[in-house]
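# Architecture at a glance
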Amino acid sequence: MRLSKTSVLLTGSVLVALSLGACTNASEGSANAGTAAATTAAASPAAAVPLNEKAQALLPEHLRKAGVLKVASDPTYAPFEYYDTDNKTMIGYDVDFADAVGAALGLKVEHVPATFDTILPGLASGKYDMAMSAFSVTPEREKIVDFVEYLNAGSGVAVAPGNPQEITMDPLSMCGKKVAGQKGSIQSMEYLPKFSEECTKAGKAAIDIQNFPGQTDANLALSSGRVDAVVADSVPLAYQAREAGGKFELATGEDYDPIPLGIALGKKTGLQEAVTEAARGIIGSTHYQDMGTRWGVPDSVLITADALDAK
């Protein structure tokens with residue numbers, strides 16, 4: 001889950017934010033672990049997803065004729081989206097889920113790499129048809145784009161092996177420490193400033209907040225000792241810690257604010273009903289569990305098809 005405040009910037013200055021949408025070069029790809037090749041060697045569960053005729057019938061005519069669904073992601077965020085060992089092919093949970101949606105709709109999926117903080121402006125301007133990059137569903141974002149939920153997760157804290165700084169999920173344990181977040185994420189733009197304010201109100205030193213362009217950059221800063229901790233989504237942090245071979249680990253404690261993750265869609269595109277129907281079918285099938293197992297996504301963050309029925 002990438003909890004981002006990009007939509008707040010859009011709400012305040014839509015034209016300025018949309019101008020940023022021209023920049024679509026992705027950040028450096030996630031460091032691919034040795035298991036990546038083994039993971040992709042097995043066929044993706046998305047390949048077995050059948051056509052959902054009900055969902056296909058809800059597609060806008062121009063998309064049905066085009067036969068292609070352009071999906072934007074920032075491939076720096078394993079296990080959701082990152083580059084395979086060829087440094088060209090995007091893989092991950094969101095990639096599989098997007099492929100499953102495409103299969104259900106009878107569309108070919110074109111995966112487009114983009115930096116995280118430019119995806120929603122690009123989507124709002126019509127550059128992409130859909131976006132999957134572990135986006136959290138927030139009221140601010142819903143003013144700019146539509147969402148179809150597919151997971152429910154929170155944020156965690158990564159620390160050095162053995163946790164020498166004794167940092168926990170308690171914000172006061174971060175006072176005076178160098179703590180990193182990804183630029184444009186809610187962790188760097190909302191959580192860390194709020195945690196730092198808690199420190200100063202308690203008479204402690206403020207958190208030295210370090211912002212990095214990609215999650216991989218933040219993780220490398222932690223493993224090299226340039227920062228003391230990283231605050232990010234718990235699912236990718238757990239995966240990345242495992243794949244990093246013990247270079248960092250998760251701090252103890254419950255996740256911060258678990259909230260829904262959503263497929264992002266431009267407003268007034270007519271896609272929400274079709275994608276919702278496609279996602280409902282996927283979530284209600286064995287393919288959903290299979291995708292979670294494939295990418296190490298815990299059962300605790302999976303949702304049921306009933307969650308979409310209420311939307």
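Please refer to the structure placed before this passage.
Under the counting rule described, the total for this entry stands at one disulfide. Between the sulfur of Cys175 and that of Cys199 lies a disulfide, 2.1 Å long from S to S. Where Cys175 bonds to Cys199 through sulfur, the torsion about that S-S bond is close to -90°, and the disulfide is left-handed. Linking Cys175 in the loop between strand S7 (145-159) and strand S8 (178-182) with Cys199 in helix H9 (residues 186-201), this pair joins segments that are 24 residues apart in sequence. Judged by its relative accessible area of 0%, Cys199 is buried.

For Ile263, the location among the structural elements is in strand S12 (residues 256-266). A residue is classified by how much of its surface remains accessible, and Ile263, at 0% relative accessible area, is buried. Counting along the chain gives 16 residues from Ile263 to Ala279, while the straight-line C-alpha distance between them is 9.3 Å. Beyond its immediate chain neighbours, meaning those up to four positions away, Ile263 contacts Phe97, Val101, Met130, Ala131, Met132, Asp146, Phe147, Val148, Tyr150 and Val275.

Quick look at the sheet that holds strand S4 (residues 90-91) now. Strand pairing in a sheet relies on backbone hydrogen bonds. The paired strands run either parallel or antiparallel. One open sheet holds the three strands; their spatial order is S2-S3-S4, and the pairing between them is antiparallel. What marks the edges here is a single partner per strand, and that holds for strand S2 (76-77) and S4. Sheet analysis places strand S3 (residues 81-83) next to S4, joined by two bridges and oriented antiparallel. Across the sheet, Tyr83 pairs through a bridge with Met90, a residue of S4.

Okay, the pairing of strand S10 (residues 229-233) next. Burial of S10 is extensive: five of the five residues sit out of reach of the surface. As judged from the five bridges shared by S7 and S10, these two strands associate in the antiparallel manner. Note that in S10 the partner of Ser155 across the bridge is Asp233. Strand direction decides the pairing type here: S8 and S10, joined by two bridges, are parallel.

Our focus in this paragraph is the pattern of salt bridges. Throughout the structure, instances matching the rule amount to six salt bridges. Here Glu197 ties to Lys201 by a salt bridge, and the two come within 3.3 Å at their closest N and O atoms. Taken together, the residues Glu197 and Lys201, both in helix H9 and four residues apart, mark about one turn of the helix. Owing to a relative accessible area of 42%, Glu197 belongs among the partly exposed residues under this scheme. Residue Glu277 pairs with Arg280 through a salt bridge whose shortest N-O separation is 2.7 Å. Here Arg280 and Glu277 lie together in helix H12 (residues 272-283), a separation of three residues that amounts to about one turn. For Glu277, a relative accessible area of 13% puts it in the buried group. Among the charged side chains, a salt-bridge network with shared partners connects Lys54, Glu277 and Arg280.

Taking 1.5 Å per residue as the helical rise, helix H6 (residues 93-105) with its 13 residues ought to reach 18 Å, and the 18 Å between its terminal C-alpha atoms agrees with that figure. Across the 13 residues of H6, 11 count as buried, placing the element largely inside the fold. All of the buried residues along H6 are Tyr93, Asp94, Val95, Asp96, Phe97, Ala98, Ala100, Val101, Gly102, Ala104 and Leu105. Just downstream of H6 lies Gly106, where phi reads positive at about 75°.

The rules behind these values
- Residues numbered from 1 in each chain as written.
- Predicted model: local features only at pLDDT ≥ 70, side-chain atom pairs only at ≥ 80, totals over all residues.
- Heavy atoms only, no water.
- Disulfide = S-S within 2.5 Å.
- Helix = DSSP H or I, 4+ residues; strand = E, 2+ residues; numbered from the N terminus.
- Buried < 20%, exposed > 50% of the residue type's maximum accessible area, 1.4 Å probe, protein only.
- Contact = heavy atoms within 4.5 Å.
- Pairing = 2+ DSSP bridges.
- Salt bridge = Lys/Arg side-chain N within 4 Å of Asp/Glu carboxyl O.
- Expected span 1.5 Å × (residues − 1).

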